[in-house]
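# Inside the fold
The chain contents come next:
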Amino acid sequence: MSLSGSRSRSTLRLRLLATCLPLLVAAACSSPPASTEGAVPADAVIDATVLVGDDLGRRIRRDPGAWPVQFRPARAIILPDGVLRADVGADLRVDDRPGVARHLYRAQLEELWRGLDELGFGDPVVGDYDGNLGRLVPADDEIIQILALQRGGRDWAIVRRFEIPPDTTPAAAAAMEDARMRSALRRLAALAWAFDDPPNDSIDFPERYDFGPDPWARYRNPAKGDT
């Protein structure tokens, strides 16, 4: 092959590349962006808290099985690596970090975020509270449901609060809450193994401590022959 023939082919390849490159760039720019629905980036966090007023809390404790799980004081955090931290109790606050309850699979994380997207909570524009969540305090008969989300470098918070008067039944109270928030909180509760039927924790077991063997036992019960 002659040197001039090789140069001609190289020149032809460069011309073809120069012609096709603008077309490829234009096609890439005109393609719609990939959907982020259900995506779980490295910074994705789901943080949920249910705060309950003192008077309502006493009513719930008297008959916890009559009240749905999303009405009971609780806190749950789901981290990007699938670690789910959760706890229940009247003393929980927005800034508390519960212990580890379980580890979720990647598919469970994606399904959970996909569900939040379907509920309309996965878009930062739906955030309706930009204050300090730690300053939220429920009134005596009030419930505050908080969902704080973080994904893709954005964070936003959704807050629902409503009062349940003393003469209101649990069934009637369910009609007062936001259906989408109810669905989101119940999904999180199920992943944390919390359900409408609470565990039977009415038995208080005594707390015993093990300080090892009694060093004075031989003096309290001397063996025969010891003086």
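In case you missed it, the structure is sitting above this.
The model shown is predicted, which means the values in this text are computed figures rather than measured ones.

The rules we used
Residues numbered from 1 in each chain as written. Predicted model: local features only at pLDDT ≥ 70, side-chain atom pairs only at ≥ 80, totals over all residues. Heavy atoms only, no water. Core = buried A, V, L, I, M, F, W, Y, C linked by side-chain atoms within 4.5 Å. Buried < 20%, exposed > 50% of the residue type's maximum accessible area, 1.4 Å probe, protein only. Helix = DSSP H or I, 4+ residues; strand = E, 2+ residues; numbered from the N terminus. Salt bridge = Lys/Arg side-chain N within 4 Å of Asp/Glu carboxyl O.

### Quick notes on the nonpolar core
In terms of nonpolar packing, the biggest core is built from 33 residues, with Ile46, Ile78, Leu147 and Leu149 touching the most fellow members. Core analysis: the second largest hydrophobic core is formed by nine residues, Leu51, Val94, Leu133 and Ile144 among them.

### Concerning unusual backbone geometry
Outside of glycine, negative phi angles account for most residues, and trans bonds account for most peptide bonds. At Trp193, a residue that is not glycine, the phi angle is positive and equals roughly 60°. Take Trp193: it is sitting in the loop between α5 (179-191) and α6 (217-220).

### Some remarks on the pattern of salt bridges
Oppositely charged side chains can form a pair if their charged atoms are brought close together. Enumeration over the complete set of coordinates arrives at 10 salt bridges. Residue Arg59 pairs with Asp141 through a salt bridge whose shortest N-O separation is 3.1 Å. Linking Arg59 in helix α2 (residues 54-62) with Asp141 in the loop between α3 (106-119) and β5 (142-151), this pair joins segments that are 82 residues apart in sequence. For Arg59, a relative accessible area of 11% translates into the label buried. Linking Arg151 and Asp117 is a salt bridge whose minimum nitrogen-to-oxygen distance equals 2.9 Å. Note that Arg151 is positioned in strand β5 and Asp117 in helix α3, a separation of 34 residues in sequence. Exposure class is identical for Arg151 and Asp117. Each is buried. Residues participating in the shared-partner salt-bridge network are Asp128, Arg160 and Asp178.

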